Each structure stands twice: as structure tokens, then as C-alpha cells.
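Breakdown of the fold
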Amino acid sequence: MTDDSSRGSRDAPTNNRLRRRHFLQTAGVTLGGIWAASTASAAVDSKQVHTQAFDGNEWTLSWREEFDTGSIDQGVWNFETGNNDGWGNNELQYYQRENAWIENDQLVIEAREQGVDGYEYTSARMTTAGKYEKQYGRVDVRARLPQGQGIWPAIWMLGADIGSVGWPNCGEIDIMELIGSDVDTVHGTIHGPSYSGGNSIGGSYTNGSFADAYHVFQLTWYPDAIKFFVDGQHYFTVTLYDVQDSGYEWVFDNGSFFLILNVAVGGDWPGYPDASTSFPQRMEVDYIRVYDWV
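These notes cover the structure that comes with them. (Residues numbered from 1 in each chain as written. Predicted model: local features only at pLDDT ≥ 70, side-chain atom pairs only at ≥ 80, totals over all residues. Heavy atoms only, no water.)

1. Considering the overall build of the protein
If you tally the helices and strands in the protein, you get four helices and 19 strands. Classification of the 294 residues of the protein by burial places 55% in the buried group. Summed over its atoms, the accessible surface of the protein is roughly 12,200 Å², and 45% of this surface lies on carbon and sulfur atoms. (Helix = DSSP H or I, 4+ residues; strand = E, 2+ residues; numbered from the N terminus. Buried < 20%, exposed > 50% of the residue type's maximum accessible area, 1.4 Å probe, protein only. Areas by Shrake-Rupley, 256 points an atom, 1.4 Å probe, with all protein chains shown as cover.)

If you want it as C-alpha cells, here you go:
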């Protein structure tokens, strides 16, 4: 919770909160964004830059990861390894580099029933921390998801200041999460101070099995709002005003965020594998494309 005195100073940068709220509602959240990339890795070929309409705005492709170079680009991706005390969720997997590779111009992250270092399962967790970090804009990720009781794939972002302010003060944006026992439904969520874990803010989208075909999981991120889509279909919006009116702090205008891709096994939210869970399970990512608002 934040008190009223702190809310007054936080609202000042919006330059008249009521006017901006009216603009947000009437323009369908069409506020522009300022990008702050830490590197120019995976720069877009000028011949492939194009402008397209989406979410009431025009967008220009500014960064892409097509996974078409035959190997994972270590100039873009880090691997987090180990179990790290269950990563805060009582997860069961041991993350290792060996569980991710490029196959047919796609990234594969594979969860296995495999004993390593006292753990019964392995998988992989990749981040762009310190290598590719952005603030505001649009992110598209085309992927096919795994399934099964206790399987938990995620495509998400964390604030780059996590090392200094910690979680959840850094902010977390979950572009897509799926609980493997409910393979027809994906979730888009934000976490911040006092609204994290079971108190997070989010929505869900149901549309048949996400393990049977590729889908594009999309996010548009403005200074005042974050919107979630699947295959161009909008399903949830959260605004700065929603969060502040609930007495919380909006931390999604504090700086850049980095990307994370992982498949967890077990955890407090999805539960744990049982006799019905088959291994291996793969998340296959065709591309990640990032756009600037024009």
C-alpha cells in the first residue's frame, strides 16, 4: 500500500491525470513510448523494417530474434542454472544449458524427467538481462506450448533494476503463462509492490489447446497502460489509474525490462507432475519481434 502523499508526487509526471485518463479511454490507449535499449544486438535489417497498424497505433519493427542462425546467440541470451531454492515457487526442476537448442529455425526449451544433482526434472531458463533491455512498445512472441499436469511454461519480463530494488518492486510482466493441466487457457499478468503472487493483476484467454498449434502472444506497453493479446485478439488491459486507485504503486515507468523464457516443472500454482504427466515436454519459440510506436 502507498499513502496519499506519495500518490500526489507520482501523478505529477502524467501532466494532468484526469485529462490523460480521458485521452486513454477515448483513444483506446494510444500513448507513445520511449525505448531505452541497452544494446543493438539482433538489429533489424533495414529492408525488413515495416510499419503496421495494431492496437490503434502504427508500429515499426525495431528488434527481432528469429532463432535462424543455427545456435543460440550468447550475445543476446544468458542461461540461469540450478534450482535456486525452487525459484520462489517451490519448483522441482534443475535448470541447465543442455535443455535448450535451435531446431528447424526454432528455439526449443525441453523439460525432462531426468535426475541431476538430486532433482528429478531438468529444463532451461533463458534471459536477456544486461544484453537486451527495453521500455515501452510492443512485443510479439510466436510459440507452441507444452502441456501436462505440473508443466508451467512462461514468456515474461522483469525490471532491469531487480538487483537493486528486488522483486516485486522491480515489476514483472507475464506476457504468457500456461498451467499445463489447463492447456486451453493462457494468462497475462503484472506484479508489483503489494500486488504480487496470489495478489497479482491479470486476465486470461481461452481458445482451444495451445499445445496443438503455434500462437502469437502479444503485449503493448505504454507509460499509462499494459495490454495483452493472443493472435491479435485483445483480452486484458491494466492501467496506471487502475493500480493507483487500488492504493498501489505503478512501477512500469521506472526503466527498462529484460525478457525471460522458461519451462518450470511443479510449483505452488501449477501443482506437481503425476502419473498422467508425460515427458519430455517442449516449448517451441518461432520468433520474438519488438516494435516501436510511431
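Moving on from the coordinates now.
2. Topic: the environment of T237
Mapping T237 onto the fold places it in strand β17 (residues 233-239). What makes T237 partly exposed here is its relative accessible area of 24%. Taking C-alpha positions, T237 is 9.5 Å from T220, a pair spaced 17 residues apart along the chain. A distance of 2.6 Å separates a polar atom in the side chain of T237 from a polar atom in the side chain of H234. (Polar contact = N/O pair within 3.5 Å; in protein donor to acceptor, adjacent residues only side chain to side chain.)

3. As for the packing of aromatic side chains
Evaluation of the coordinates by the stated rule reveals 17 aromatic pairs. With a centroid separation of 5.6 Å and an interplanar angle of 45°, the aromatic rings of Y205 and Y235 are classed as tilted. Here Y205, found in strand β14 (residues 201-206), pairs with Y235, found in strand β17; they are 30 residues apart in sequence, far enough to count as distant. Like Y205, the residue Y235 is buried in the burial classification. Following the ring pairs from residue to residue traces out a cluster consisting of Y136, W221, W250, F252 and F257. Positioned above the aromatic ring of F54, the side-chain terminus of R138 is 4.4 Å from the ring centre. Lying over the aromatic face of Y291, R138 brings its terminal NZ or CZ to 4.0 Å of the ring centre. (Phe/Tyr/Trp six-rings, centres within 6.5 Å; stacked < 30°, edge-to-face > 60°. Lys NZ or Arg CZ within 6 Å of the ring centre and 35° of its normal.)

4. Side note on unusual backbone geometry
One can expect most non-glycine residues to show negative phi and most peptide bonds to be in trans. A cis amide bond, omega 10°, links W167 with the succeeding residue P168. Among the secondary structure elements, P168 is positioned in the loop between α3 (162-165) and β12 (172-178). Going from F279 to P280, the amide bond is cis rather than trans, its omega being -5°. Examined against the element boundaries, P280 turns out to sit in the loop between β18 (257-265) and β19 (281-293). The phi angle at W87 is positive, at roughly 55°, despite the residue not being glycine. The topology assignment puts W87 in the loop between β3 (78-80) and β4 (93-95). On the accessibility criterion, W87 (16% relative accessible area) is buried. A positive phi angle is found at D105, which is not glycine, with a value near 60°. Note on placement: D105 falls in the loop between β5 (100-103) and β6 (106-116).

5. Remarks on the nonpolar core
One finds I190, F217, I226, F252 and I288 to be the most contacted residues of the largest nonpolar core, which totals 59 residues. At five residues, β18 tops the list of elements feeding residues into this core. Contact partners of I190, with chain neighbours within four places excluded, come to E172, Y195, S200, I201, I226, F228, V238, V243, W250 and F252. (Core = buried A, V, L, I, M, F, W, Y, C linked by side-chain atoms within 4.5 Å. Contact = heavy atoms within 4.5 Å.)

6. Some thoughts on the pattern of salt bridges
Applying the stated criterion across every chain, the model contains 10 salt bridges. With its nearest N and O atoms 3.0 Å apart, the salt bridge here joins R282 to E103. With R282 in strand β19 and E103 in strand β5, this pair connects stretches of sequence that are 179 residues apart. With a relative accessible area of 26%, R282 lands in the partly exposed category. Judged by relative accessible area, E103 falls into the partly exposed class, the value being 29%. R144 is paired through a salt bridge with E284; the nearest N and O atoms lie 2.6 Å apart. (Salt bridge = Lys/Arg side-chain N within 4 Å of Asp/Glu carboxyl O.)

7. Brief notes about the pairing of β19
Pairing analysis gives six bridges linking strand β2 (residues 57-65) to β19, with the strands arranged antiparallel. When the bridges of β19 are listed, W63 appears paired with V290. In terms of strand pairing, β6 meets β19 through five bridges, oriented antiparallel. Across the sheet, E110 pairs through a bridge with R282, a residue of β19. Both strand β10 (residues 137-144) and β19 contribute to a ladder of seven bridges, which runs antiparallel. (Pairing = 2+ DSSP bridges.)

Taken by themselves, the reported measurements are silent on function.
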